[in-house]
Amino acid sequence: MVSSRPISLYLHVPFCTVRCSYCDFNTYANLEALIPAWETALLSELRLWAPLVAGRLVPTVFIGGGTPSLLEGEAIGRILDIVRERYALNADAEITLEANPESVSVERLRAYRAAGVNRLSIGVQSLDEGELHFLDRLHDGEGARRAVAAARAAGFDNVNVDLIFGLPGQPSSGWERTLEGAIAMEPDHVSCYALTVEEGTPLAARVASGSVAEADPDVAAEMGEATEQRLSAAGYAQYEISNYARPGKACRHNLVYWRHDEYLGLGPGAHGFVDGVRYAVERSPGRYIGVLRDGSVALRQAGLVPRSPFDRLRMNGGQLPSPAVVSREEVDEETAALDTLTLGLRLNEGVVAAEFARRYPTAWERYRPAVEWSKGVGLAEEVDGRLRLTSRGRRLSNEVFVRLLEPSLV
């Protein structure tokens, strides 16, 4: 039986003007000349996937990157036109586009709004000039403020700002100034992430060489606690470890991930989860463009493109329904249980303990010692039948998650 559950769309734009030293996303600088060919490939991929999910409502679309705001409004319009034409897009769908402050203007943002984008996520990261330079960002604090003002002038009433704290040597007072500055811009949603030094990034190499000191985790934890208190006082409710929102402004798309719901990922390096299968898309923009150009024609000629919602996800060597898919994994019950629990515990709402135990009885017995340990040390609690992390537990969530991954540590 084909699923009737909603399914969301994530569309990846891999282009950036400069690749930031801390970033480990699938992004590339100085490849803007490929944007027209990438768009053609993405439109082809959207068409190929559409029959598989025919009739399934699409409640959210997220255009991420990279720097999607490098695209002209007309390009975003063409992409969303195909989504509306081929998919059952909800009338009230949340359609998010990520943007960097230096690449937006009121005119461009108005074009995005006219194309159907109704939520904007702006990569502010910091309002301190020195920190922005350290992070390789191209804007300054005033540029960030102008970008938020431009979003309002363009008609956006759902604006997120991304912020990063816990930089090496960052004083608490510096983070407080950025946070106060962000609150003063009156966004609808605030995402606050502790800087993570990701393996393989230039920042990781600088830390390994000793040219950049590692951040103090205790200071970062104190910043996280202060962030929760200050944003709460300003009217932003924390609903996930790193995310805060005004009433009704929680990111509906990201809730899809945390609730372990299904989504299609399209574009170079995207990941998806559909029909019990996790898959990954070719990372290289050049190879992605080539395989969509050559592979989609071959698939049609071979009659291997799903033509009705009753076609199951028939991957041919990991290549269907999109020839750009390079790997796939059947999600077994054990993996689904772990994902459901760890992702759900990121949310302040947590998970319904009895429902989880009923759905995954064997896994529940395996994880119960870690759960009881977390409750015993004050990192988790059960309230009204919901298992959730405490405020302290959200700041020390890795202590909980590592014990769920390795129950023998309890």
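Structural data are supplied above this passage.
The residue numbering used here restarts from 1 in each chain and proceeds along that chain's sequence as written. pLDDT decides what is reported in this predicted model: residues at 70 or higher carry local features, side-chain atom pairs at 80 or more are listed and counted, and totals for whole chains, interfaces and linings draw on all residues regardless. Side-chain numbers come from the whole structure's heavy atoms, not from hydrogens or water.

## Comments concerning the overall build of the chain
Under the scheme used here, helices are H or I runs from DSSP no shorter than 4 residues and strands are E runs no shorter than 2 residues, and both carry numbers assigned from the N terminus. Helix and strand content of the chain: 15 helices and 17 strands. Atoms counted for the radius of gyration: C-alpha only. Globule rule: 2.2 Å times residue count to the power 0.38. A compact globule built from 410 residues would reach a C-alpha radius of gyration of about 22 Å, and the chain, at 22 Å, matches this within 12%. By principal-axis analysis of the C-alpha atoms, the chain measures approximately 60 × 55 × 45 Å. Working rule for contacts: check all heavy atoms of both residues, and any pair within 4.5 Å makes them a contact. Contacts in the chain between residues at least 24 apart in sequence constitute 71% of all its contacts with a sequence separation of at least 6. In short, Shrake-Rupley with a 1.4 Å probe defines the accessible areas, and a residue's cover is counted only from the protein chains shown. Of the roughly 17,700 Å² of accessible surface on the chain, 51% is carried by carbon and sulfur atoms. The chain carries 43 positive and 55 negative side-chain charges, and their two centres are separated by 5 Å. By the counting rule applied here, Lys and Arg register as positive and Asp and Glu as negative, while His and the ends of each chain are not counted. The atom standing in for a charge is NZ when the residue is Lys, CZ when it is Arg, CG when it is Asp and CD when it is Glu.

## A closer look at the environment of Leu 264
Residue position: Leu 264 is located in strand β11 (residues 263-266). Judged by relative accessible area, Leu 264 falls into the buried class, the value being 0%. When neighbours within four sequence positions are excluded, Leu 264 is seen to be in contact with Ile 7, Ser 8, Leu 9, Tyr 10, Trp 49, Val 53, Tyr 87, Gly 272, Val 274 and Tyr 279. Any residue under 20% of the maximum accessible area for its type is buried, any over 50% is exposed, and the rest in between are partly exposed; the area is computed with a 1.4 Å probe on protein chains only.

## With respect to the packing of aromatic side chains
A pair of aromatic rings is counted whenever rings of Phe, Tyr or Trp (Trp by its six-membered ring) have centres within 6.5 Å, and the orientation is called stacked for planes under 30 degrees apart, edge-to-face for over 60 and tilted otherwise. Scanning the model with the defined rule gives eight aromatic pairs in all. On the numbers, 6.1 Å between centres and 25 degrees between planes, the contact of Tyr 10 with Phe 62 is stacked. Taken together, the residues Tyr 10 in strand β1 (residues 8-13) and Phe 62 in strand β4 (residues 57-65) connect sequence positions 52 residues apart. Like Tyr 10, the residue Phe 62 is buried in the burial classification. An angle of 75 degrees between the planes, with centres 4.8 Å apart, marks the rings of Tyr 257 and Tyr 263 as edge-to-face. In this structure Tyr 257 comes out as partly exposed when scored by relative accessible area, which is 24%. Owing to a relative accessible area of 16%, Tyr 263 belongs among the buried residues under this scheme.

## What about helix α5 (residues 141-153)?
Here the expected span of a helix is defined as 1.5 Å times the quantity of residues minus one. With 13 residues, α5 extends 19 Å between its outermost C-alpha atoms, agreeing within 8% with the 18 Å of an ideal straight helix rising 1.5 Å per residue. For α5, the full list of buried residues reads Gly 141, Gly 143, Ala 144, Ala 147, Val 148, Ala 150 and Ala 151. Where α5 terminates, the next one or two residues include Gly 155, which has phi positive at roughly 105 degrees.

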